[in-house]
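Take a look at the letters that make up each chain.
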Amino acid sequence: QAEDGIRDLVRSRGLGDVYKRQVTYSTKTAFFGMHDDPQSLMIVAGIGDVEYSFEDGSSHLLKPGDGIYIPRKVAHKANIFGPRATFSYCWSYVK
């Protein structure tokens, strides 16, 4: 079960179980440094710009409405330039 108690039991068209949904609001501070997650992520920028940097040196700037898919175990870091809100969806694949 997810640490926030949210878990959908309905399968998502063969993509797997939705593990967690969350909205993150922050100002010019990062919550995490470079890290990886055990689940795949879909992140959508809602308010403000946020840049995601990856361990291979690449980076992607998200503007409101933009999204990014981050496969599980890919190290990444959010770089925040001011107030922002993102919508994150995590899931595990069902085999």
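As the structure is a computational prediction, the values presented were derived from the model and not from experiment.

(A) Fine view of the overall build of the protein chain. On a plain count of helices and strands, the protein chain comes out with 0 helices and 7 strands. In the protein chain, the order of α-helices and β-strands from amino to carboxyl end is β-β-β-β-β-β-β. The buried share of the protein chain, reckoned over its 95 residues, is 34%. Here the analysis covers contacts within the protein chain between residues at least 6 apart in sequence; of these, 64% occur between residues at least 24 apart. Carbon and sulfur atoms make up 56% of the accessible area of the protein chain, which amounts to about 6000 Å² in all.

(B) Region of interest: unusual backbone geometry. Residue K73 is not a glycine yet carries a positive backbone phi of 70°. Along the polypeptide, K73 turns up in the loop between β5 (67-70) and β6 (76-80).

(C) How the structure looks around the pattern of salt bridges. According to the stated counting rule, one finds 1 salt bridge in the structure shown. Across the salt bridge formed by K63 and D49, the nearest N and O atoms sit 3.0 Å from each other. Of this pair, K63 sits in the loop between β4 (59-62) and β5 while D49 sits in the loop between β2 (40-47) and β3 (50-54), placing them 14 residues apart in sequence. Classification of D49 by relative accessible area gives partly exposed; the value is 26%.

(D) Layout of the side chain of S53. Checked against the element boundaries, S53 lands in strand β3. A relative accessible area of 17% means that S53 is categorised as buried. Of the polar contacts made by the side chain of S53, one reaches the side chain of N79; its length is 2.6 Å. Ignoring sequence-local partners within four residues, the contact set of S53 consists of M34, S58, S59, A75, H76, K77 and N79.

(E) Up close: the nonpolar core. Core analysis: the biggest nonpolar cluster contains 12 residues, these being L41, I43, A45, V50, Y52, F54, L62, I68, I70, A78, I80 and C90. At the level of secondary structure, the elements contributing two or more residues to this core comprise β2, β3, β5 and β6.

(F) The arrangement of the environment of M42 in detail. Looking at where M42 falls in the secondary structure, it is placed in strand β2. Residue class for M42 comes out partly exposed when judged on its relative accessible area of 32%. Those residues in contact with M42, other than ones at most four positions away along the chain, are I68, Y69, F87, S88, Y89 and W91.

(G) Expanded view of the sheet that holds β6. Sheet architecture is open: 3 strands sit in the order β4-β3-β6, paired in antiparallel fashion. The open sheet has two edge strands, β4 and β6, and neither has a second partner. Direction aside, the axes of adjacent strands within the sheet are offset by 20° on average. Relative to β4, β3 runs antiparallel, the two being bridged by 4 bridges. Bridged to Y52 within β4 is H60.

Conventions adopted
- Residues numbered from 1 in each chain as written.
- Predicted model: local features only at pLDDT ≥ 70, side-chain atom pairs only at ≥ 80, totals over all residues.
- Heavy atoms only, no water.
- Helix = DSSP H or I, 4+ residues; strand = E, 2+ residues; numbered from the N terminus.
- Buried < 20%, exposed > 50% of the residue type's maximum accessible area, 1.4 Å probe, protein only.
- Contact = heavy atoms within 4.5 Å.
- Areas by Shrake-Rupley, 256 points an atom, 1.4 Å probe, with all protein chains shown as cover.
- Salt bridge = Lys/Arg side-chain N within 4 Å of Asp/Glu carboxyl O.
- Polar contact = N/O pair within 3.5 Å; in protein donor to acceptor, adjacent residues only side chain to side chain.
- Core = buried A, V, L, I, M, F, W, Y, C linked by side-chain atoms within 4.5 Å.
- Pairing = 2+ DSSP bridges.
- Axes fitted to C-alpha atoms, helices over the stretch in contact; angles between N-to-C directions.

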